[in-house]
Amino acid sequence: LGASDPKLLATYDALYTRLTLDERILSAVEKETVWISLIATTREKLAFFHFERAASAGMSNSAISDALAIAAACESFNAFFFGYSAFVKWVPERMAMKRYSRVFDAARGRTLPATAEIAAAICHAGLRNANGMRIHLQRAFEKGATRAQMAEALSYVLLHRGGPTMVEAVACWEK
């Protein structure tokens, strides 16, 4: 890209810097918690530098593992969703979502509740899972997340998963 269109590369670098390096609303720890959760959810091996940034921001290995656990808990959502969608007679929606919430709350470890919920909403956004995203959007705002925090975290989806995925995520939030 640098050889074929240096101006485009410079523009991309500026966008990348603004989205991921510049200080905006989220603290460095909040930012890297969201990034690590999203990276784990999408299995992006080349984004290891976010782990280095997390450590530089003061996150312990335990806190980094908690961010990974948020992603793991988000993956359990589809099993619970399937359970009540396919077997509602035995697994009503309320019961399934209550159990999912318990799994999620245990997985987040010591991550602050609002930060964990923001990260989970972004994990589901990155997977284009509107059902999971809606649950964590609501929970994030109930736990004190701000619109500005959510907007910043959602901007990471643009860089990491592309414009169409972000458009779907924004539409879910608006709905």
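Scroll up a little and you will see the structure.
Fair warning: this is a prediction, and the values are worked out from it, not measured in the lab.

**Structural notes on the nonpolar core**
- Grouped together as the largest cluster of nonpolar side chains are 39 residues, with contacts concentrated most on F104, I118, I122 and M133.
- Put simply, the parts of the chain that give this core at least two residues each are helix 2 (28-42), helix 4 (61-86), helix 5 (93-107), helix 6 (113-126), helix 7 (130-142), helix 8 (147-161) and helix 9 (163-174).
- Take this core: its biggest share by element is nine residues, from helix 6.
- With residues near it in sequence (within four places) discarded, I118 still touches V34, A140, A145, Q149, M150 and A153.

**Quick word on the pattern of salt bridges**
- Under the criterion given, the structure shown has five salt bridges.
- In this structure, R18 engages D22 in a salt bridge whose closest nitrogen and oxygen atoms are separated by 3.6 Å.
- On the basis of relative accessible area, R18 is assigned to the partly exposed category, the value being 43%.
- The partner of E117 in a salt bridge is R139, with the nearest N and O atoms 2.6 Å apart. Of this pair, E117 sits in helix 6 while R139 sits in helix 7, and the two are 22 residues apart along the sequence.
- Owing to a relative accessible area of 0%, E117 belongs among the buried residues under this scheme.
- Connected via shared salt-bridge partners are D105, E117 and R139.

How each quantity is defined
Residues numbered from 1 in each chain as written. Predicted model: local features only at pLDDT ≥ 70, side-chain atom pairs only at ≥ 80, totals over all residues. Heavy atoms only, no water. Core = buried A, V, L, I, M, F, W, Y, C linked by side-chain atoms within 4.5 Å. Buried < 20%, exposed > 50% of the residue type's maximum accessible area, 1.4 Å probe, protein only. Helix = DSSP H or I, 4+ residues; strand = E, 2+ residues; numbered from the N terminus. Contact = heavy atoms within 4.5 Å. Salt bridge = Lys/Arg side-chain N within 4 Å of Asp/Glu carboxyl O.

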